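# A structural walkthrough
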Amino acid sequence: MEKKDIRKLVAAKRKTLSQTEVETKSRIICEQIMKMEAFQKASCIFVYMGCKGEVSTEPLIEEAWRLGKKVAAPRVCGEDMNYYYITSYEDTAPGYFDIPEPVAGTAEAADEEALLIVPGVGFDQQRHRCGYGKGFYDRYLSQHQKHTTLAAAFEFQMMEEVPADVHDIFPQYLITEERFFADSNVLLESIGQAAKETEPQLRKLSTAAKNQALLKAAEYLEQYRGKILDANAQDIQKARENQMPEGLVDRLLLNDSRIEGMSEGLRQIARLDDPVGEIMEMKKRPNGLMIGKKRVPLGVVGIIYESRPNVTADAFGLCFKTGNAVILKGGSDAIHSNRAIVDVLCHALQDCGIPSAALQLIGVTDRETTARFMKLKQYVDVLIPRGGAGLIRAVVEGSTIPVIETGTGNCHIYVDETADLEMAADIINNAKTQRIGVCNACESIVVHEKIEKVFLSVLKQKLDAHNVELRCDKQALSCIDGGVPASEEDWGREYLDYILSVKTVSSIEEAIAHINRYNTGHSEAIITKDYANAMRFLNEIDAAAVYVNASTRFTDGFEFGFGAEIGISTQKLHARGPMGLEALTTTKYIIFGNGQTR
């Protein structure tokens, strides 16, 4: 589409907007801008005076004045455009094309590094801009290149593609009422710097101050649940339009009980002992030196995760309690939910006198930004991926930042020959069907051949109520009706669906060998009455969590008494299993002497 066609299309759409719609959408956009570090740090805002259906900048102007920031607006002089300070709307009058401009006598603005808000007619996701055709902004910005530039536009102004000319200068940031776009380098540099500057302040917070902020955050999650649920509804609608599998929709869904669970998680974290500052040991050396170990924050924690908006609150609570600044990079599926939750949590921090940069969300969801985030080593101390196998592999292979690997969950339950069959069926039914889209759900069962025929009959009656498909080996197929032949791929697969693989074994040795070959190091269970078999399973299974006679669904920070979790670590270094407070700390040696020299 040519620029002249874009201008006609947008002009027509602007005429369909009521003044109320313009004001409502404009306020949403301006509120997003006000939360940005670029706005909060700017001492001067260069802002266009909106007219004729453009995004109104009045909320931005008035907030800048309220905060004591300088405000400058443009005035056209022939082919040129310059900015002049305004201290009230009385400093403006209709000028070029009846657009309000600073009146004669206002002082010319000289803040070369001010935040400059750019108008436009149409934009695309690469931030290419279609203006009004006069070139005022391109000429101005070519001569004043130190500004941070941000475009404000309504969602209907977003085009599939905007033709780019050589002389075009496109903004570093672009915000609509629904989305956020940015130059990756500029955005990540800003976020990284803010986190690094804030982290020392968090390290010095008292336990009482941290707990107060956590309790305020829990209160605000419930108080503003309407805002969060409205945002989540947008994500759910989009997910269904994109035909997302129901297991993943369930991961994405928020409701009253889940928000209450998020709040309770923060309250539980507030009740837990603060590990920061703990002296873990102190030993006296022969030379009189006292050498000890002290628990300290990691610093700045980056978390990349998919489709789980509750992770946003969990990650904040655990990182904040341990004195870490956290940078979150969620997926596009949950972007509205994540933004709403972060807004509420940052509101709580600010009300407690704590910098909101303690918690930052990278508001763009493209892969390029994710890839660049994984290399932000100068600001981020550790990176934690939480999601599917593809995401985790991409982070482990692509990151220059140290990674704590959280794994996918191909979780098994072995039904031993001495098992209570009714108990086994109940446990598997719970582990498979209570929530299918979570990493601690059972994906595969291993059954001893001596009890298989009777047991599968009992189990199938329970699973049929949920229409669970059983993918069976040859012997298991002969024991039940309606099974589906399993392939080699089924033994190592995390379904996140109403599907369960069934493997037959003749001994506990064979069961352990099969599970250790195909598991992902997450959670494994045995159902048995045999003490020796239980102990052998516990000792020989290689996984983060190993159960006897219980559902794998308990592998969860909340259930383990951690308040929440940052993820389930399936690696063997530093942290393993549900990662609570201690997993988000490191140690340093502290040495006391009285004049010793070497």
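Our structure is the block above this text.
The structure contained in this document is the topic of the report that follows. (Residues numbered from 1 in each chain as written. Predicted model: local features only at pLDDT ≥ 70, side-chain atom pairs only at ≥ 80, totals over all residues. Heavy atoms only, no water.)

### Observations regarding the overall build of the protein chain
Within the protein chain, the regular secondary structure consists of 19 helices and 27 strands. Its C-alpha atoms give the protein chain principal-axis dimensions of roughly 95 × 75 × 45 Å. A buried classification covers 53% of the 598 residues belonging to the protein chain. Taking the contacts inside the protein chain whose residues are at least 6 apart along the sequence as the reference set, 72% of them involve residues at least 24 apart. Roughly 26300 Å² of accessible area belongs to the protein chain as shown, and the carbon and sulfur atoms make up 48% of that amount. Positive and negative side-chain charges of the protein chain, numbering 69 and 84 respectively, have mean locations separated by a distance of 4 Å. (Helix = DSSP H or I, 4+ residues; strand = E, 2+ residues; numbered from the N terminus. Buried < 20%, exposed > 50% of the residue type's maximum accessible area, 1.4 Å probe, protein only. Contact = heavy atoms within 4.5 Å. Areas by Shrake-Rupley, 256 points an atom, 1.4 Å probe, with all protein chains shown as cover. Lys, Arg positive; Asp, Glu negative; His and termini not counted. Charge placed at Lys NZ, Arg CZ, Asp CG, Glu CD.)

### Brief notes about the sheet that holds strand S2 (residues 70-77)
Ordered in space as S3-S2-S1-S6-S9-S10-S11, the 7 strands form an open sheet in which the pairing is mixed. Two strands in the sheet have a free side with no partner beyond their single neighbour: strand S3 (80-85) and strand S11 (180-182). On average, each strand axis in the sheet is tilted by 25° relative to the strand beside it, whichever way the strands run. Pairing analysis gives 3 bridges linking strand S9 (residues 148-152) to strand S10 (residues 173-175), with the strands arranged parallel. If you follow Leu150 over to S10, its bridge partner there is Tyr173. Here helix H5 (residues 136-143) sits on the sheet and contacts strand S1 (44-46), S2, S3, strand S6 (115-118) and S9; the angle it forms with S3, its principal contact strand, is near 70°. (Pairing = 2+ DSSP bridges. Axes fitted to C-alpha atoms, helices over the stretch in contact; angles between N-to-C directions.)

### Regarding helix H11 (residues 310-321)
Its 12 residues place the ends of H11 17 Å apart at the C-alpha level, agreeing with the 16 Å of an ideal helix rising 1.5 Å per residue. For H11, the set of buried residues is Val311, Thr312, Ala313, Asp314, Ala315, Phe316, Gly317, Leu318, Cys319, Phe320 and Lys321. Positive phi appears at Gly323, one or two residues downstream of H11, with a value of about 75°. (Expected span 1.5 Å × (residues − 1).)

### Describing a nonpolar patch on the surface
A cluster of nonpolar side chains, namely Tyr531, Met535, Leu538 and Val548, defines an oily patch on the protein surface of about 350 Å² accessible area. A per-element tally of the nonpolar patch places helix H19 (residues 531-540) first, with 3 residues. Note that Met535 resides in helix H19. Relative accessible area serves as the criterion here: at 30%, Met535 is assigned to the partly exposed category. (Patch = residues over 30% accessible without salt bridge, like charges linked within 9 Å, V, L, I, M, F, W, Y side chains within 5 Å. Salt bridge = Lys/Arg side-chain N within 4 Å of Asp/Glu carboxyl O.)

### Quick notes on the sheet that holds strand S17 (residues 382-386)
The 4 strands are arranged S16-S15-S14-S17 in an open sheet whose pairing can be described as parallel. At either margin of the open sheet sits one strand with a lone partner, and together these are strand S16 (359-361) and S17. Averaged over all pairs of adjacent strands, the angle between their axes in this sheet comes to 20°, without regard to strand direction. Where strand S14 (residues 300-305) lies against S17, 5 bridges are found, and the strand directions are parallel. Residue pairing across strands places Ile303 opposite Ile384, the latter belonging to S17. Each of S14, strand S15 (325-329) and S16 is contacted by helix H12 (residues 335-351), which is oriented at about 160° to S16, the strand it contacts most.

### As for unusual backbone geometry
One non-glycine residue, Arg127, adopts positive backbone phi at about 70°. Turning to its location among the elements, Arg127 is positioned in the loop between strand S7 (122-123) and strand S8 (129-130). Here the phi dihedral of Asn549 falls at roughly 60°; this positive angle occurs in a residue that is not glycine. Turning to its location among the elements, Asn549 is positioned in the loop between strand S24 (545-548) and strand S25 (568-569).

### Section: the packing of aromatic side chains
Throughout the structure, instances matching the rule amount to 10 aromatic pairs. With a centroid separation of 5.2 Å and 70° between ring planes, the pair formed by Trp65 and Tyr89 is classed as edge-to-face. You can see Trp65 sitting in helix H4 (residues 58-66) and its partner Tyr89 sitting in the loop between S3 and strand S4 (92-94), a full 24 residues away along the chain. A relative accessible area of 30% means that Tyr89 is categorised as partly exposed. Between Tyr220 and Tyr224 the ring centres are 5.5 Å apart and the planes differ by 85°, which places this aromatic pair in the edge-to-face class. Classification of Tyr220 as buried rests on a relative accessible area of 8%. (Phe/Tyr/Trp six-rings, centres within 6.5 Å; stacked < 30°, edge-to-face > 60°.)

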